[in-house]
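Architecture and fold: a report
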Amino acid sequence: KLGTVDSVRNKPFGLARRIVGLVFLCYGLAAWVGMLKGEQSSQLPIVNAPGGISTPTWKTVRTYDELQRALKDAKASGVPAVVQWYANWCLSCQVMRDTLNQPSLRDKLGYAHLIRFDSTYDTEDQRHAMAINGLVVPAAVQFFASTGAEVEKARIIGEAPSRIIYQSLKSL
């Protein structure tokens, strides 16, 4: 007998325990749905569900040449670009990925060309691309004006809250 239908009147914190249990049950179900859909964030397990939160679309590149082409496309379109340097094994990168996908930044990022440089496999070409951009670790975000030039004062290394990212976006 699990006690799901028992009266909660005579038990201390019975109703509160039941409410907390239901909240965790709902989150668990959402996490399962997100996992089955292939979502990567445990904090936002049903981000792209119908009626859920939509996230900005990031173009993933894995080589220096792909990065240069993506930046050239942004410049040709006359829009700024945001490059997130990312690796699956990098915890700060995952935190920044989730921060960049927060609803508070979604609209502000929407007008920019969004590029995610995936350096998960740490190839020679990926290390070369990082070195050319003055990076030692992949946990970084670069901001490029519509002219194609990096706005160096806006660069973020490591983790940053959404208000810092917003300030960097304003400099574009």
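Residues numbered from 1 in each chain as written. Predicted model: local features only at pLDDT ≥ 70, side-chain atom pairs only at ≥ 80, totals over all residues. Heavy atoms only, no water.

**Examining the overall build of the chain**
- When helices and strands are tallied, the chain shows 6 helices and 5 strands.
- Helices (α) and strands (β) of the chain occur, in sequence order from the N terminus, as α-β-α-β-α-α-β-α-β-β-α.
- Burial status across the chain gives 37% buried among its 172 residues.
- Restricting to contacts in the chain with at least 6 residues of sequence separation, those with at least 24 account for 62%. (Helix = DSSP H or I, 4+ residues; strand = E, 2+ residues; numbered from the N terminus. Buried < 20%, exposed > 50% of the residue type's maximum accessible area, 1.4 Å probe, protein only. Contact = heavy atoms within 4.5 Å.)

**Here we look at the nonpolar core**
- Counting 17 residues, the largest nonpolar core has Val 82, Leu 109, Val 141, Phe 143, Ile 156, Ile 165 and Leu 169 as its most contacted members.
- If sequence neighbours within four positions are ignored, Ile 165 has contacts with Met 96, Thr 99, Leu 100, Leu 105, Phe 143, Ile 156 and Ala 160.
- One finds Leu 67, Ala 74, Met 130 and Ala 140 within the second-largest nonpolar core, a separate group that totals 16 residues. (Core = buried A, V, L, I, M, F, W, Y, C linked by side-chain atoms within 4.5 Å.)

**With respect to the pairing of strand β2 (residues 81-86)**
- With 6 of its 6 residues buried, β2 lies for the most part within the structure.
- Because side chains alternate across β2, one face comprises the buried residues Ala 81, Val 83 and Trp 85, and the other comprises Val 82, Gln 84 and Tyr 86, equally buried.
- Summarising the sheet, β2 and strand β3 (residues 113-118) pair through 6 bridges and their orientation is parallel. Note on β3: the bridge partner recorded for Val 83 is Ile 115. (Pairing = 2+ DSSP bridges.)

**Regarding the sheet that holds β2**
- Spatially, 5 strands are ordered β1-β3-β2-β4-β5 in an open sheet, and the strand pairing comes out mixed. The open sheet has two free edges, formed respectively by β1 (59-61) and β5 (156-157), since each of these has just one partner strand.
- The strands touched by helix α2 (residues 64-77) within the sheet are β1, β2, β3 and β4 (140-144), with β3 carrying the most contacts at an inclination of about 175°. (Axes fitted to C-alpha atoms, helices over the stretch in contact; angles between N-to-C directions.)

**Topic: the pattern of salt bridges**
- This model, assessed by the stated rule, comprises 5 salt bridges.
- With its nearest N and O atoms 3.3 Å apart, the salt bridge here joins Arg 97 to Asp 98.
- Exposure remark for Arg 97: the relative accessible area of 8% places this residue in the buried category.
- Judged by its relative accessible area of 14%, Asp 98 is buried. (Salt bridge = Lys/Arg side-chain N within 4 Å of Asp/Glu carboxyl O.)

**Examining the side chain of Asp 118**
- Structurally, Asp 118 can be placed in strand β3.
- Not counting chain neighbours up to four residues away, the residues in contact with Asp 118 comprise Thr 60, Val 61, Arg 62, Tyr 86, Ala 87 and Gln 126.

**Considerations on unusual backbone geometry**
- A positive phi angle, close to 50°, is found at Asp 122, a residue other than glycine.
- Mapped onto the elements of the fold, Asp 122 is located in the loop between β3 and α5 (124-132).
- Here Asp 122 falls in the partly exposed class, since its relative accessible area comes to 39%.

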